[in-house]
Amino acid sequence: GAVVSQHPSRVICKSGTSVKIECRSLDFQATTMFWYRQFPKQSLMLMATSNEGSKATYEQGVEKDKFLINHASLTLSTLTVTSAHPEDSSFYICSARGDGFSYNSPLHFGNGTRLTVT
Amino acid sequence: AQSVTQLGSHVSVSEGALVLLRCNYSSSVPPYLFWYVQYPNQGLQLLLKYTSAATLVKGINGFEAEFKKSETSFHLTKPSAHMSDAAEYFCAVSDMGGKLIFGQGTELSVKP
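These remarks concern the structure in this document. (Residues numbered from 1 in each chain as written. Chains lettered and ligands numbered in written order. Predicted model: local features only at pLDDT ≥ 70, side-chain atom pairs only at ≥ 80, totals over all residues. Heavy atoms only, no water.)

1. A word on unusual backbone geometry
At step 1: In this structure, the amide linkage connecting A:His7 to the following residue, A:Pro8, adopts the cis form with an omega of 0°.
At step 2: Phi is positive for B:Asn41, which is not a glycine, with a value near 55°.
At step 3: Tracing the backbone shows B:Asn41 in the loop between β4 (33–38) and β5 (44–50).
At step 4: Despite not being glycine, B:Asn61 shows a phi value in the positive range, around 60°.
At step 5: In this structure, B:Asn61 sits in the loop between β6 (56–58) and β7 (64–68).
At step 6: Here B:Asn61 falls in the partly exposed class, since its relative accessible area comes to 42%. (Helix = DSSP H or I, 4+ residues; strand = E, 2+ residues; numbered from the N terminus. Buried < 20%, exposed > 50% of the residue type's maximum accessible area, 1.4 Å probe, protein only.)

The following block contains the structure:
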């Protein structure tokens, strides 16, 4: 149980274009999803917290107009990287809680999306 | 504010040897602590979690971790390393808002 599906797993796009990444909870309802960014050989950096039906909460230093997050349903959150630049190339990972909001419950992670901007 | 520090960005052990990955936490409240494993180009998989029920926590794949309040530590161990254990390991603490704060990660290499 508690499977999180992330799509696509890899994407290459040209500079200036936009890319959408989907994150779905397959067998549970996720009222809260989190989006992380990971640079090579580094830890995960939380970008934003996505709550179903409301605006995402962005971490300090993350451009909300560049990284658009939509959490339209209890099973789907999307991250859109707008006007992508090579410095946006990274590994993006989504995650969700499987048993309601509780800060002692673990997160379940998608398999990540490798974004390369040329 | 909560934080975790993982000592050693890279640990190398021989197959069959003891695995010890270190994690120290900082928290103003009783912490909720987690260990995750990440294989190349994949997301994170939960190994185990500490939620104050027991100080010794057993996880998947033979891993376990012991919560030591006096040392503010939550080190991850496995008695006998297997080649398939080679991966990146992350210690994390949950803050009061429900976010996971990750350590820097430790890359485990297993030599045959």
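2. Thoughts on the packing of aromatic side chains
One pair of aromatic rings is described through two measures. These are the centre distance and the angle between the planes.
All names here are of chain B.
At step 1: By the definition in use, this model includes 12 aromatic pairs over all chains.
At step 2: Between Phe34 and Tyr36, the aromatic rings sit 6.3 Å apart at their centres with planes inclined by 35°, giving tilted as the arrangement.
At step 3: You can call Tyr36 buried: its relative accessible area is 0%.
At step 4: Seen in terms of ring centroids, Phe90 and Phe102 are 6.1 Å apart; in terms of plane orientation they differ by 85°. Their pairing is edge-to-face. Taken together, the residues span a long stretch of sequence, with Phe90 in strand β9 (residues 87–94) and Phe102 in strand β10 (residues 100–102) at a distance of 12 residues.
At step 5: Taking relative accessible area as the criterion, Phe102 reaches 10% and is therefore assigned buried. (Phe/Tyr/Trp six-rings, centres within 6.5 Å; stacked < 30°, edge-to-face > 60°.)

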